[in-house]
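Fold and geometry: a report
Each chain, written out:
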Amino acid sequence: MEEQISRREAIEKLTQMITPDENSSSENQTNLEDPTTKHPKPPFNKQFQPFPGLASKMEPVPDHGEESYVGSGRLKGRKALVTGGDSGIGRAAAIAFAREGADVAINYLPDEEEDARQVIELIEREGRIAVAIPGDIRDEEFCKRLVSEAVSRLGGIDILVNNAGHQKSNESILDISTEAFDRTMKTNIYAPFWITKAALPHLKPGSSIIGLSSVQAYDPSKDLYDYAQTKAATTSYVKSLAKQLGPKGIRVNGVAPGPVWTALEVSGGQTQENLVKFGDDTPLGRPGQPAELASIFVQLADNNASFATGQIYGSAGGNGQP
Ligand code: NAD
Ligand code: MG
């Protein structure tokens with residue numbers, strides 16, 4: 001009898017160990033993060049860098065997921081080309097891709113070598129192939145070289161992120177020179193056209209193309225006359241190309257961020273006045289950090305998202321469309 005009780009006691013103890021007490025377990029296991037306090041809020045210090053700017057010189061330095069992004073093999077063996085992968089949203093995507101098991105090539109402007117080196121190091125630290133291809137994507141010949149070099153050094157390509165972009169705030173249409181207008185159009189519209197054309201012959205069924213739209217596509221600011229048009233064009237090309245390439249098994253989607261704390265914003269993208277209060281009009285009361293968008297790129301590239309094509313995924317802190 002005595003022996004039976006002690007055995008029962010032992011079983012109860014063991015059960016308690018395996019099934020922890022409900023109250024304490026929910027407290028220990030929940031990992032809630034309040035999005036309103038998770039990242040820096042305005043007011044920010046005024047700061048200006050000449051275009052294209054360096055993320056590493058921003059204050060505060062943006063969070064691209066360097067410390068926080070944890071992968072789980074979702075893109076094992078995949079091969080990605082990310083334009084503008086040195087900083088901001090492209091850098092967050094590049095880091096996440098590598099942590100999910102992909103080899104990654106990044107393109108950027110030669111002035112951004114310092115930021116790019118950090119990304120290359122982070123990708124290599126994951127044991128993945130990291131390829132750095134600096135150059136100006138306003139040049140069609142360079143775009144062709146960019147793709148062929150990425151393909152040969154990665155051994156193929158099945159994720160293309162047309163992320164690089166140029167944004168310059170101008171109070172009046174009269175302040176926009178033809179050269180400035182041309183820079184915005186070449187970077188944001190022509191380059192994705194040239195790069196996608198060059199990449200297409202290499203993309204097998206299952207591949208994924210991701211374009212960078214913006215809340216500006218739907219609700220343009222008065223000071224972003226030229227930039228806003230390019231983002232509407234991006235939404236449009238994503239939806240057109242998705243229809244064209246769907247039968248080939250290639251998915252095409254877009255990401256439409258709201259205000260995100262990146263070098264583009266401190267190198268002419270915003271007026272100094274807007275920069276100080278950047279993101280304060282969102283329901284979360286702050287701008288997004290690039291790291292907060294990384295999982296969208298992973299999701300769109302992942303085989304599991306096989307029914308998502310022609311979609312625009314928003315991440316705007318509560319404002320904007322879609
Ligand atoms: P970012 O400055 O960190 O990244 C943009 C990158 O574009 C630069 O790093 C640079 O490498 C590249 N680039 C620009 N001109 C180039 C050229 N001629 N040749 C080669 N590379 C060139 O800023 P970001 O905010 O991360 O921008 C990434 C994308 O996100 C852009 O398409 C931008 O329009 C879009 N976006 C940003 C926001 C935001 O609030 N930051 C909002 C909506 C959309
Ligand atoms: Mg940059």
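Notes on the structure follow. (Residues numbered from 1 in each chain as written. Chains lettered and ligands numbered in written order. Predicted model: local features only at pLDDT ≥ 70, side-chain atom pairs only at ≥ 80, totals over all residues. Heavy atoms only, no water.)

Time to look at the coordination of the magnesium ion (ligand 2). Each pair of donors in an ideal four-coordinate tetrahedral metal site encloses 109.5 degrees, whereas pairs in an ideal six-coordinate octahedral site enclose 90 or 180 degrees. For the magnesium ion (ligand 2), the full set of protein donor atoms is Asp86 (OD), Ser87 (OG) and Glu112 (OE), at a range of 2.1 to 2.2 Å. A relative accessible area of 2% places Asp86 in the buried class. (Donors = N, O, S within 2.8 Å, 3.2 Å for Na, K, Ca; no water. Buried < 20%, exposed > 50% of the residue type's maximum accessible area, 1.4 Å probe, protein only.)

Let us look at the site of ligand 1. Taken together, 31 residues surround ligand 1, and among them Ser87, Glu112, Tyr227, Thr262 and Glu265 come closest. A distance of 3.0 Å is found between a nitrogen atom of ligand 1 and a backbone nitrogen or oxygen belonging to Ile137. The separation between an oxygen atom of ligand 1 and a polar main-chain atom of Gly258 is 3.2 Å. Broken down by secondary-structure element, the contributors of at least two residues to the shell around ligand 1 are helix H3 (88-99), strand E2 (103-108), helix H7 (225-245) and helix H8 (263-269). With three residues, the top contributor of residues to the shell around ligand 1 is H8. Broken down by class, the residue content of the shell around ligand 1 amounts to 13 nonpolar, twelve polar and six charged. (Near = heavy atom within 4 Å. Polar contact = N/O pair within 3.5 Å; in protein donor to acceptor, adjacent residues only side chain to side chain. Helix = DSSP H or I, 4+ residues; strand = E, 2+ residues; numbered from the N terminus. Nonpolar A, V, L, I, M, F, W, Y, C, P; charged D, E, K, R; others polar.)

In this section: the packing of aromatic side chains. Inspection of the entire model under this criterion finds three aromatic pairs. Ring geometry for Phe44 versus Trp261: centroids 4.2 Å apart, planes at 25 degrees, classification stacked. Of this pair, Phe44 sits in the loop between helix H2 (22-29) and strand E1 (79-83) while Trp261 sits in the loop between strand E6 (251-257) and H8, and the two are 217 residues apart along the sequence. Taken individually, Phe44 and Trp261 each receive the classification buried, so the pair is uniform in this respect. Where Trp261 meets Phe278, the ring centres are 6.2 Å apart and the plane angle is 45 degrees; that geometry is what we call tilted. Taken as a pair, Trp261 in the loop between E6 and H8 and Phe278 in the loop between helix H9 (272-276) and helix H10 (294-301) lie far apart in primary sequence, 17 residues in all. The burial state of Trp261 is the same as that of Phe278; both residues are buried. Members of the aromatic cluster, connected to one another through ring pairs, are Phe44, Trp261 and Phe278. (Phe/Tyr/Trp six-rings, centres within 6.5 Å; stacked < 30°, edge-to-face > 60°.)

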